[in-house]
Amino acid sequence: MRNLNAENITDAVIEQFAGCRDERLKQVFNSLVTHLHAFIRDVEPTEQEWTQAIDFLTRTGQMCDDKRQEFILLSDTLGVTMLVDAINHHTSDPMVSESTVLGPFYVADPPQAAQGESIDWNVEGEPFFVEGRVHNERGEPLANVVVDVWQSDSEGFYDVQKELESASLRARFTTDDQGRYAFWTVTPSPYPIPTDGPVGKMLEITGRHPYRPAHVHFMLMAEGYETLVTQVFAENDPYLDSDAVFGVKDSLVREYELLPPGKAPDGRSMEVPFRHLTYDFGLEASR
């Protein structure tokens, strides 16, 4: 513990974790120290640069509250969230839907809504009917699956970013005995992730754009099955190949079909053009 230098300090720090009784925790810290020290040796930051790095992380934490998670945004924009997702949710079963990032705007326990209900409370936009089924790995319908949905409005804002009296464009549905879900909303648009914090500044100074392609978020939960966190993206969106958070997968891209006024798929009479999306989800049995 004396006379430490750039060559021996890593081993000295790792030795201090030798008494950790949690083997997994010890493994994590030993690896963290090893790679963090290797990073520092690689880039050789000045003391001023290291102070700036600490300040960046401090400001990232200060941006977090019950409506905004800047650290999730940082993880997303560095590709870490999708890497963790790929490690934990890889599947080769075509009957199981692929997952993607949760994003920073999920709110637990959203309002409960009935099948076919409109969730465009206090917002305006192009009508959008979303429907589909939820099934297991054998294609059998799953009833009573909890389906949380949330999305931006047509201007790219989530309800938590606006001064609304109550939730909007987010709700919780439960599939029926045929595994069906359905709801009306407004068509989301491409939008920039929040750029008013340290993550936005990081994107700016590194020459990256902050945009995400239009999408609807889904979280599906059922007893005996792995929770699925995913999104369904709009086909032909200009940002599909440069998503700021690296979340797009081909299986999650679908046409948001534009339909003329008339009878909608659920029988509703529409006096204006509207869009329609059908997407079926497959859940994987719990491991």
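Residues numbered from 1 in each chain as written. Predicted model: local features only at pLDDT ≥ 70, side-chain atom pairs only at ≥ 80, totals over all residues. Heavy atoms only, no water.

Chemist: Describe helix α5 (residues 80–88), naming the residues involved and giving the relevant values.
Modeler: Of the residues making up α5, those classed as buried are T81, M82 and D85. Down the axis of α5, the buried set is contained in an arc of 95°. They therefore lie on one face. Structural note: α5 exposes L83 and I87 on the side pointing more than 90 degrees away from its buried face. Buried positions along α5 lie against α4 (70–77). (Buried < 20%, exposed > 50% of the residue type's maximum accessible area, 1.4 Å probe, protein only. Helix = DSSP H or I, 4+ residues; strand = E, 2+ residues; numbered from the N terminus. Arc of directions from axis to C-beta. Contact = heavy atoms within 4.5 Å.)

Chemist: Account for the packing of α4 against helix α6 (residues 198–205), with residues named and values stated.
Modeler: One way to put it is that α4 packs onto α6 with a least axis distance of 9 Å and a crossing angle of 25°. Here α4 is positioned roughly parallel relative to α6, judged by the angle of their axes. In contact with E70, L73, L74 and T77 of α4, α6 contributes P198, V199, G200, M202 and L203. When its residues are assigned to classes, the contact of α4 with α6 shows six nonpolar, two polar and one charged. (Axes fitted to C-alpha atoms, helices over the stretch in contact; angles between N-to-C directions. Parallel < 35°, antiparallel > 145°, perpendicular 65-115°, else oblique. Nonpolar A, V, L, I, M, F, W, Y, C, P; charged D, E, K, R; others polar.)

Chemist: So what about the sheet that holds strand β7 (residues 215–221)? Which residues, and what values?
Modeler: The pairing of strands in a sheet comes from backbone hydrogen bonds and takes either a parallel or an antiparallel form. Taking strand neighbours across the sheet as the criterion, the five strands line up as β3-β2-β7-β8-β9 in an open arrangement whose pairing is mixed. The sheet is open, and its two edges are formed by β3 (170–174) and β9 (253–254), each paired on a single side. In terms of strand pairing, β7 meets strand β8 (residues 228–234) through six bridges, oriented antiparallel. When the sheet's bridge partners are listed, F218 is paired in β8 with T230. (Pairing = 2+ DSSP bridges.)

Chemist: Lay out the pattern of salt bridges in plain terms, naming residues and giving numbers.
Modeler: According to the stated counting rule, one finds 15 salt bridges in the structure shown. The salt bridge partner of R68 is D196, with a shortest N-O separation of 2.9 Å. Remark: D196 occurs in the loop between β5 (191–192) and α6 and R68 occurs in the loop between α3 (47–62) and α4; sequence separation between them is 128 residues. The class for R68 is buried, based on a relative accessible area of 14%. The class for D196 is exposed, based on a relative accessible area of 58%. When the shortest N-O distance is used, the salt bridge between R138 and E140 registers 3.0 Å. Owing to a relative accessible area of 61%, R138 belongs among the exposed residues under this scheme. What emerges from the salt-bridge pattern is a single network uniting R68, E70 and D196. (Salt bridge = Lys/Arg side-chain N within 4 Å of Asp/Glu carboxyl O.)

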